[in-house]
Amino acid sequence: MSTPVLRRGLRTLGMLLITLSAISPASSVFVIAPGVLTGAGSGAFYAFLAAAVVGIFMAFVYAELGSAFPTAGGEYTIAARTLGKLPGFMVLGIMIVTQVLIVAVIALGVGTYLSVVLPGVSPAVVAAVTCVLAAICAVFDIKLNAWVTGIFLAVELLALAVVAVLGLASPARPFTDLIAHPVAPGGAPATISAVMIATAIAIFAYNGYGSAVYFGEETKDAGRGVARAVLMGLGVTVLAELIPVTAVLMGAPDLGTLFSSPNMLSYFVQARGGSTLDTVLSLAVALAIINAVLAIVLISSRLVFSSGRDRAWPKAMNRALSAVHPKFGTPWVATLATGFIAAALCFVDPQILTVVTSTSIVVVYAALCLGAIFGRRSGATAGAKYRMPGFPIAPVVALLALAFVLYVNATDPVIGRPSLIVTAGIALLALVYYLVVLRRRGGWQLSEVAEEETAPAPVRETS
């Protein structure tokens, strides 16, 4: 029978709103940026700048590949079509485990920031409720969800604008100090090695602009729209994160106190705007995290839906996961499954969740860089409506940067090294499943979806 497909209700703007919501610049500034400041001090400015350069090269890779293959499966379908089905399925194995876990990891941050108005609230319970409500909302029409995420996104961008104004309106030190005299948390000059290591963290603060590839199947003129959303997503993200971080470094009354504070952004906001403003911005960050959970549920459910449509699992499971809602044209079973599984994972030790998810994206990035190179050589990406400039500079430079990030992780015995081992274990399990189950069953099917095909009603597969 016909291949199940999703309804095309998005344009580039809608895709961009969801993508930016998944990145959640406010969460990156309030949650991830302090880790960069801890490692590099005011050298964090250079770390975020260097990460932006790496991001540009990686965005070129995503834009070209997403333009060539605008389907709901995202990275794994790209890897399968450029590197082969086996590498593609290994990417699927990594992504389908980590994407659902990431929903839980992000959701656990909601309780932390809501605690300013709800002291004593259980972060796990708040996170689980957030996942369930996000899944229910995500079942509705994709265009509606784009506007919902867009409204929430406006709130978090406003919060970041407030942080920027607090620091830049009355700076405690000139911008030239950040450029010429970056200092480490201890007061000594920031070293190049410290900045480089912090850059590895800053790369993850920008991560998420590639999420646009998951909505190509639901976007009109997807070949061009995906590329635009990826590139614009990175541009907005860099500005929305680099400017507030720079403002904090320029406007903090005392850098030593800032770097030693258990909550750097809270210290800065209270010092510059008072405790009431700190409470308001904490609520804005909580809203940003909720918005990110909704956006990532939308993304993850497309991955799960595509895996069922591509017949990666047992027949009954494939049929359920590839079901499309007759009214909303969305993958409703895959969406609810994603949200409810993520809700259950909210009660798992957060350290375990972090270990499983922290290096998987590096491996996937590397697969895409290789896919861009081999896709050009084989002609697999010849149909792309966007072609990256200066090929093959972007994928090669990105691969070098990713190799450095892997090295940094390998030297970290607490999270990085265990995470690498877990990621390798997931890839190995995917390899075994592919060889033992899928090959014995006659192979793995990759669905072909016409670019302007629509989905007025769900269609079930027959395998």
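Preceding this paragraph is the structure being described.
Everything quoted here is computed from the prediction, not taken from an experiment. (Residues numbered from 1 in each chain as written. Predicted model: local features only at pLDDT ≥ 70, side-chain atom pairs only at ≥ 80, totals over all residues. Heavy atoms only, no water.)

1. A short note on the overall build of the protein
Point 1. Scanning the protein from terminus to terminus reveals 19 helices and zero strands.
Point 2. Taken against the 2.2 N^0.38 rule, which gives 23 Å for 463 residues, the C-alpha radius of gyration of the protein at 22 Å falls within 12% of a compact globule.
Point 3. C-alpha atoms of the protein, sized along the principal axes, occupy 65 × 45 × 40 Å.
Point 4. With 463 residues in all, the protein has 56% of them scored as buried.
Point 5. Within the protein, counting contacts between residues at least 6 apart in sequence, those at least 24 apart form 84% of the total.
Point 6. Accessible area for the protein stands at about 17,400 Å²; split by element, carbon and sulfur atoms hold 71% of it. (Helix = DSSP H or I, 4+ residues; strand = E, 2+ residues; numbered from the N terminus. Rg over C-alpha atoms; globule rule 2.2 N^0.38 Å. Buried < 20%, exposed > 50% of the residue type's maximum accessible area, 1.4 Å probe, protein only. Contact = heavy atoms within 4.5 Å. Areas by Shrake-Rupley, 256 points an atom, 1.4 Å probe, with all protein chains shown as cover.)

2. Looking at helix α9 (residues 192-206)
Point 1. With 15 residues, α9 ought to run about 21 Å at 1.5 Å a step, and its terminal C-alpha atoms sit 21 Å apart, in line with that.
Point 2. Helix geometry: α9 is bent most strongly at Ala-200, by close to 30°.
Point 3. Along α9, the positions that sit buried rather than exposed are Ala-194, Val-195, Ala-198, Thr-199, Ala-200, Ala-202, Ile-203, Ala-205 and Tyr-206.
Point 4. Turning to α9, the residues buried within the fold contact α1 (12-23), α2 (25-40), α3 (44-68), α10 (222-251) and α18 (393-410).
Point 5. Just downstream of α9, Gly-208 is the residue with a positive phi angle, here 130°. (Expected span 1.5 Å × (residues − 1). Bend = angle between axes of the 7 residues up to and from the residue.)

3. As for the nonpolar core
Point 1. Among the nonpolar cores identified, the biggest contains 152 residues, and Leu-258 and Trp-444 are the most heavily contacted of them.
Point 2. For Trp-444, the residues in contact, after removing those within four places along its chain, are Tyr-76, Ala-80, Lys-85, Gly-88, Phe-89, Leu-92, Asp-310, Arg-311, Ala-312, Tyr-434 and Leu-438. (Core = buried A, V, L, I, M, F, W, Y, C linked by side-chain atoms within 4.5 Å.)

4. A look at the pattern of salt bridges
Oppositely charged side chains are able to pair whenever their charged atoms sit close together.
Point 1. In total, this model carries six salt bridges according to the counting rule given.
Point 2. Between Arg-376 and Glu-64 there is a salt bridge whose closest N-O contact spans 2.8 Å. Here Glu-64 lies in helix α3 and Arg-376 lies in helix α17 (residues 360-378), a separation of 312 residues in the sequence.
Point 3. Judged by its relative accessible area of 0%, Glu-64 is buried. (Salt bridge = Lys/Arg side-chain N within 4 Å of Asp/Glu carboxyl O.)

5. Overview of unusual backbone geometry
Point 1. In the segment running from Phe-391 into Pro-392, the intervening peptide bond is cis, with an omega of 10°.
Point 2. Looking at the element boundaries, Pro-392 is found in the loop between α17 and α18.
Point 3. A positive phi is found at Asp-221, a non-glycine position, where the angle reads about 55°.
Point 4. If you trace the backbone, Asp-221 turns up in the loop between α9 and α10.

6. Here we look at the side chain of Ser-447
Point 1. Residue placement: Ser-447 occurs in the segment after α19 (416-438).
Point 2. For Ser-447, the side chain forms a polar contact with the main-chain oxygen of Arg-309, separated by 3.3 Å. (Polar contact = N/O pair within 3.5 Å; in protein donor to acceptor, adjacent residues only side chain to side chain.)

7. Looking at the packing of helix α7 (residues 142-168) against helix α13 (residues 275-309)
Point 1. Packing of α7 against α13 brings their axes to within 9 Å, and their N-to-C directions diverge by 145°. Considering the relative orientation of α7 and α13, their crossing is left-handed. Facing α7, whose interface residues are Ile-142, Asn-145, Val-148, Thr-149, Phe-152, Leu-153, Val-155, Glu-156, Ala-159, Val-162, Val-163 and Leu-166, α13 presents Leu-277, Leu-281, Ala-284, Leu-287, Ala-288, Asn-291, Leu-294, Leu-298 and Arg-302.
Point 2. Of the residues that constitute the contact of α7 with α13, the class distribution is 16 nonpolar, three polar and two charged. (Axes fitted to C-alpha atoms, helices over the stretch in contact; angles between N-to-C directions. Left-handed = near helix turned anticlockwise from the far one by under 90°. Nonpolar A, V, L, I, M, F, W, Y, C, P; charged D, E, K, R; others polar.)

8. Some words on the packing of aromatic side chains
Point 1. Considering all chains together, one arrives at 12 aromatic pairs under this definition.
Point 2. Centroid distance Tyr-62 to Tyr-209: 6.2 Å. Interplanar angle 85°. Geometry classified as edge-to-face. On the criterion of sequence distance, the pair formed by Tyr-62 in helix α3 and Tyr-209 in the loop between α9 and α10 is long-range, its members being 147 residues apart.
Point 3. On the basis of relative accessible area, Tyr-62 is assigned to the buried category, the value being 2%.
Point 4. Three or more aromatic residues joined by ring pairs form one cluster here, namely Tyr-76, Phe-89, Trp-313, Tyr-433, Tyr-434 and Trp-444.
Point 5. In this structure, Arg-376 packs its charged tip against the face of Phe-391, placed 4.2 Å from the ring centre. (Phe/Tyr/Trp six-rings, centres within 6.5 Å; stacked < 30°, edge-to-face > 60°. Lys NZ or Arg CZ within 6 Å of the ring centre and 35° of its normal.)

9. Structural notes on the environment of Ala-323
Point 1. Locating Ala-323 in the fold gives a position in the loop between α14 (315-321) and α15 (332-345).
Point 2. Between the C-alpha atom of Ala-323 and that of Leu-6, which follows or precedes it by 317 residues, the distance is 9.7 Å.
Point 3. Excluding anything up to four places from it in sequence, Ala-323 contacts Phe-305, Thr-330, Pro-331, Trp-332 and Val-333.

Remember that the coordinates give geometry; whether it matters functionally is a separate question.
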